[in-house]
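Summary of the model geometry
What follows is each chain in one-letter form.
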Amino acid sequence: MRDLEKYRGIIPAFYACYEDDGSVSAERTQALTQHLIDKNVKGVYVCGSSGECIYQSKEERKLILENVMKIAKGKITVIAHVACNNTADSQELAAHAESLGVDAIASIPPIYFHLPDHAIAQYWNDISSAAPNTDFIIYNIPQLAGVALSIPLYKEMLKNPNVIGVKNSSMPVQDIQMFKDVKGDDSVVFNGPDEQFISGRLIGADGGIGGTYAVMPELFLAADEALKAGNIARAKEIQYKIDRIIYAMCSCHGNLYAVMKEILKMNGLNIGGVRKPLASIIPEDMPQIEKCREMISTAIA
Ligand code: NAY
């Protein structure tokens, strides 16, 4: 019997951790992993959008996952996003992830060319075949990937016994219900957009994978607890705070990930900056970043 419980909870999308010279940092990767374990998250989602995977080589992605696993293995759930924009490289990362013993691999569809559903299914099944003993999660993020997961394609993918569900980052919250309806509690559907975390959970998401969780895990954990306790008013109050913080963080010149990394640095956890072409923070951002940091600490208190 498959253990799906290990996916039901708060799973931060892991940030790329760099040295000051911009190279991938093994030490800082381990430190961020430990930091998140100490916050009691359910797991981590490694080398996804927030992990800046599209700006990294296969070797760098392997190094990152190896260092996450050194700290996380056996303690929390690890999902490794392995998609590259060609099948062979994605298979190499999938096999590597399985060799390290991750709980699941995940993949976006191929980007740039808009391929038909049968070609996308082939791509995903080829990746899954390189990690035959590992759960597979589809990553649906149409606004960035340029192609949306359709229900017929999802049903086709569920014929692969390794496919356990979807991380859904499309914006209509009802998409979560649509995916959940296909296989109910024998599947896992993750909420993607952090701004609608409680709405996603209420309509059926089993948990969430999110890019802003790592900078404020306490708030997502508290919102999730409030929902489980049936305290909708409390969950909504926390979601409002989360959304105000996200909007404030997005108002800087620097990319959102650059801003969140700066907040972590101010809090004593230096994981470097972001990789070009993502925009780094500029001195003029600092008052706003300081304000965001205060908003987070006030909301947690
Ligand atoms: C990933 O792969 O890193 C994610 O799961 C991140 C999902 C995020 N969406 C995007 C487009 O990055 O969590 C969201 C997002 O950061 C959040 O909603 C803030 O807008």
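Let us now look at the environment of Lys 159. Locating Lys 159 in the fold gives a position in the loop between helix 6 (151–157) and strand 6 (163–168). Taking relative accessible area as the criterion, Lys 159 reaches 62% and is therefore assigned exposed. Here the alpha-carbon distance between Lys 159 and Ser 297, two residues 138 residues apart in the chain, equals 46 Å. Separated by 2.8 Å, the side chains of Lys 159 and Glu 156 make a polar contact.

Here the protein chain averages 97 in pLDDT, while 100% of its residues score no lower than 70. At the level of chain-chain contacts, confidence expressed as ipTM amounts to 0.95, with global pTM at 0.97.

On to the pattern of salt bridges, then. Opposite charge on two side chains lets them pair, provided their charged atoms get close. Taken as a whole and judged by the stated rule, the model has 20 salt bridges. One salt bridge in this structure joins Lys 6 and Asp 103, with 3.0 Å as the shortest N-O distance. One end of the pair, Lys 6, is in the segment before strand 1 (10–12); the other, Asp 103, is in the loop between helix 3 (87–100) and strand 4 (104–107), and 97 residues separate them in sequence. The exposure class assigned to Lys 6 is partly exposed, which follows from its relative accessible area of 23%. Here Arg 8 ties to Asp 206 by a salt bridge, and the two come within 2.7 Å at their closest N and O atoms. Of this pair, Arg 8 sits in the segment before strand 1 while Asp 206 sits in the loop between helix 8 (197–202) and strand 8 (207–210), placing them 198 residues apart in sequence. Residues Arg 8 and Asp 206 agree in their burial class; the two are buried.

A cluster of nonpolar side chains, Tyr 112, Phe 113 and Leu 115, forms an exposed patch at the surface whose accessible area comes to about 390 Å². Here Leu 115 shows up in the loop between strand 4 and helix 4 (117–129).

Cut-offs and rules
- Residues numbered from 1 in each chain as written.
- Predicted model: local features only at pLDDT ≥ 70, side-chain atom pairs only at ≥ 80, totals over all residues.
- Heavy atoms only, no water.
- Helix = DSSP H or I, 4+ residues; strand = E, 2+ residues; numbered from the N terminus.
- Buried < 20%, exposed > 50% of the residue type's maximum accessible area, 1.4 Å probe, protein only.
- Polar contact = N/O pair within 3.5 Å; in protein donor to acceptor, adjacent residues only side chain to side chain.
- pLDDT = per-residue confidence, 0-100.
- Salt bridge = Lys/Arg side-chain N within 4 Å of Asp/Glu carboxyl O.
- Patch = residues over 30% accessible without salt bridge, like charges linked within 9 Å, V, L, I, M, F, W, Y side chains within 5 Å.
- Areas by Shrake-Rupley, 256 points an atom, 1.4 Å probe, with all protein chains shown as cover.

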